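What follows is the residue order along each chain.
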Amino acid sequence: MADKRTSDTSRVKKGAELEVEHLAEMTDVTPKQARALLRKHGADWQRLRDEAEDLNKDD
């Protein structure tokens, strides 16, 4: 049973990393910024895009 939990956890991490990469590519933010936005806003993609645009304006 421990093996199943380990594999489930690794799948979640891989999926989260794919979201980070996708957000970073879509919005031209760094992966670090993308991770922070995803932690803060979850899967609210409209809000994620808006926040990422705001970050880009600040640069």
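Predicted model only: the values in this text are computed from it and were never measured.

Take the pattern of salt bridges next. Here the idea is simple: oppositely charged side chains can pair when their charged atoms come close. Summed over the entire model, instances satisfying the criterion amount to one salt bridge. A salt bridge links E17 to R35; the nearest nitrogen and oxygen atoms lie 3.1 Å apart. Note that E17 is positioned in helix 1 (residues 2-27) and R35 in helix 2 (residues 31-41), a separation of 18 residues in sequence. When its relative accessible area of 32% is taken as the criterion, R35 is described as partly exposed.

Before going further, it helps to spend a moment on the environment of R47. Residue placement: R47 occurs in helix 3 (residues 45-58). Since its relative accessible area comes to 44%, R47 is described here as partly exposed.

As a further point, take unusual backbone geometry. With phi around 60°, D28 is a residue other than glycine that occupies positive phi space. As for its position among the elements, D28 is in the loop between helix 1 and helix 2. By relative accessible area, which is 64% here, D28 ends up exposed.

With respect to the helices and strands, the residue H41 is situated in helix 2. Accessibility expressed as a relative area gives 14% for H41, which makes it buried. Of the polar contacts made by the side chain of H41, one reaches the side chain of R47; its length is 3.3 Å. For H41, the contacting residues outside a window of four places in its chain are R47, L48 and E51.

Quick look at helix 2 now. Listing the buried residues of helix 2 in full gives A34, L37, L38 and H41. Within helix 2, the buried residues cover an arc of 100° as seen down the axis, which keeps them to one side. Residues of helix 2 that are exposed and point more than 90 degrees away from the buried face comprise K32, R39 and K40.

Together, D44, D50, E53, D54 and D58 make up a region of like negative charge exposed at the surface. With respect to the secondary-structure elements, D44 resides in the loop between helix 2 and helix 3. Assessed through its relative accessible area of 37%, D44 is described here as partly exposed.

About the thresholds
Residues numbered from 1 in each chain as written. Predicted model: local features only at pLDDT ≥ 70, side-chain atom pairs only at ≥ 80, totals over all residues. Heavy atoms only, no water. Salt bridge = Lys/Arg side-chain N within 4 Å of Asp/Glu carboxyl O. Helix = DSSP H or I, 4+ residues; strand = E, 2+ residues; numbered from the N terminus. Buried < 20%, exposed > 50% of the residue type's maximum accessible area, 1.4 Å probe, protein only. Polar contact = N/O pair within 3.5 Å; in protein donor to acceptor, adjacent residues only side chain to side chain. Contact = heavy atoms within 4.5 Å. Arc of directions from axis to C-beta. Patch = residues over 30% accessible without salt bridge, like charges linked within 9 Å, V, L, I, M, F, W, Y side chains within 5 Å. Areas by Shrake-Rupley, 256 points an atom, 1.4 Å probe, with all protein chains shown as cover. Lys, Arg positive; Asp, Glu negative; His and termini not counted. Charge placed at Lys NZ, Arg CZ, Asp CG, Glu CD.

Honestly, that's just the spatial picture; any functional story needs more than this.
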